[in-house]
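Single-letter residue listing:
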Amino acid sequence: MSDVNLVLRSSRVITPEGTRPASVAVAGGVIAAVLPYDADVPAGARLEDFGDDVLLPGLVDCHVHVNDPGRTEWEGFWTATRAAAAGGITTLVDMPLNSLPPTTTVANLRTKQEVARTKAHVDVGFWGGALPDNVKDLRPLHDAGVFGFKAFLSPSGVEEFPELNQDQLAQSLAEIAGFDGLMIVHAEDPHELDAAPHLSGPKYADYLATRPRVSENTAIEGLIAAARRVGARVHILHLSSSDALPLIAAAKREGVRLTVETCPHYLTLTAEEVPDGASEFKCCPPIREAANQDLLWAALADGTIDCVVTDHSPSTADLKTDDFATAWGGISGLQLSLSAIWTEARKRGHTLEDVVRWMSSATASLVGLSQKGAIEAGRDADFAVLAPDATFTVDPAALQHRNRVTAYAGKTLHGVVKSTWLRGERIQRDGALTEPTGRLLERNN
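Engineer: So what's going on with the sheet that holds strand β7 (residues 89–94)? Residues and values would help.
Structural biologist: Pairing within the open sheet is parallel, and its three strands lie in the order β6-β7-β8. With partners counted over all chains shown, the strands left at the sheet margins are β6 (59–64) and β8 (123–126), one partner each. The sheet shows a mean angle of 20 degrees between the axes of neighbouring strands, direction not considered. The sheet contact formed by β6 and β7 spans four bridges and is parallel. The partner of V60 across the bridge, within β7, is T91. Of the strands in this sheet, β7 and β8 touch helix α1 (residues 77–86), which is tilted by about 140 degrees from β7.

Engineer: Before we move on, could you go through the side chain of T79 and cite the residues and values that matter?
Structural biologist: Here T79 lies in helix α1. You can call T79 buried: its relative accessible area is 10%. Those residues in contact with T79, other than ones at most four positions away along the chain, are Q400, H401 and R402.

Engineer: Give me the lowdown on the pairing of β8, citing residues and values where you can.
Structural biologist: Side chains of β8 alternate between two faces, with D123 and G125 and V124 and F126 buried alike. Note: β7 against β8, four bridges, orientation parallel. What sits directly across from T91, in β8, is D123.

Engineer: Explain the pattern of salt bridges to me, using residue names and the numbers behind them.
Structural biologist: Scanning all chains against the criterion turns up 27 salt bridges. A salt bridge links K418 to D53, with the shortest nitrogen-to-oxygen separation between them at 3.5 Å. Of the two residues, K418 sits in strand β16 (residues 412–422) while D53 sits in the loop between β4 (46–49) and β5 (54–57), which places them 365 residues apart along the sequence. A salt bridge links K372 to D123, with the shortest nitrogen-to-oxygen separation between them at 2.6 Å. Of this pair, K372 sits in the loop between α12 (352–367) and β15 (383–393) while D123 is found in strand β8, placing the two residues 249 residues apart along the sequence. A relative accessible area of 2% means that K372 is categorised as buried. Looking at D123, the relative accessible area reads 1%, which means it is buried.

Each value, and the rule that gives it
- Residues numbered from 1 in each chain as written.
- Predicted model: local features only at pLDDT ≥ 70, side-chain atom pairs only at ≥ 80, totals over all residues.
- Heavy atoms only, no water.
- Pairing = 2+ DSSP bridges.
- Helix = DSSP H or I, 4+ residues; strand = E, 2+ residues; numbered from the N terminus.
- Axes fitted to C-alpha atoms, helices over the stretch in contact; angles between N-to-C directions.
- Contact = heavy atoms within 4.5 Å.
- Buried < 20%, exposed > 50% of the residue type's maximum accessible area, 1.4 Å probe, protein only.
- Salt bridge = Lys/Arg side-chain N within 4 Å of Asp/Glu carboxyl O.

See below:
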């Protein structure tokens, strides 16, 4: 313990064994030991005592659209990672689309890495993309360290990232299964979307009708069958439809290599509360009804849904028009995700240990970041310090992401992130951020 330079102490430390009073010793940016609360502080080490505020592992958000380079007026690594740090997120994984170029070749990956290298306030990794014409690029991207490959089954909304048809999906899945990679999928069936009503205008009910649950259910059913055929690892992105849960549960029992995420907006917002014209609530798939939300929470509780991620997908404010048909579909949630989930989770009888499992340990496991996601010896000294009973009212002007559009404006949330730590260095305290020290991550398994 002679090289310990920092000890973090709290009466409530969330560890893999549960929540307990503890002192966490840090050496060289890594957790050296989790000690008894009243352990002696090694000579030369600095003590930070958080009292009754909760010390939890930094969150790992593996679904973030940073859009940098190319659409940096929408977002960028500097602003996105500041928002992450302000919200207790210490690691994010960037989606391959909405930037120009998209992360679909090794050369494009290197371009994005160079842009991110000096701007990241938190650690950043990258997903690759699976397109109709880039099967040859998948293994090189895997070897270059991407965490897996995103595909769409319906139009993505940007022309440079087209969707896969069923034959193309099968080709990409077979290639990815050959090196035991991970495919992550936006699962909405294009034929069901085409068959749905084509409505425009400001009414949220009309928008909801354009993206029915059957589009998710059909796509997920086909995806499960495809994964089963080739033994591929498949992850379902941003699950919204509770109708698909029995299919998912059955596939998991059967041994299909399937994981599933959902998002804070599906768990904390409901269709019934969305005002007409309020396209800050628009996302794809959409926010559904309260009864649907209850079933998503039950699926989180029983493990059918594995994790919670933001799908932070910002745009400039002018793209959020009052016509749901043409407005950009995406919700910006990085800075507020922990507080939003904790506010609803506590109402439903869940604990902060549950939240840490859904938003840190499970997400770290999904992408293979064995050094993240838990407070235990050998892991990176990444932490968030949370005052769980404190409240705040969401003020868009206080948000760190570039375009301060939020579906949570005016809402009162529980859980104030007091500080955020990356590899033993405090990067945020009471909303004030340091200069960027985040690193670029590559898949390590």
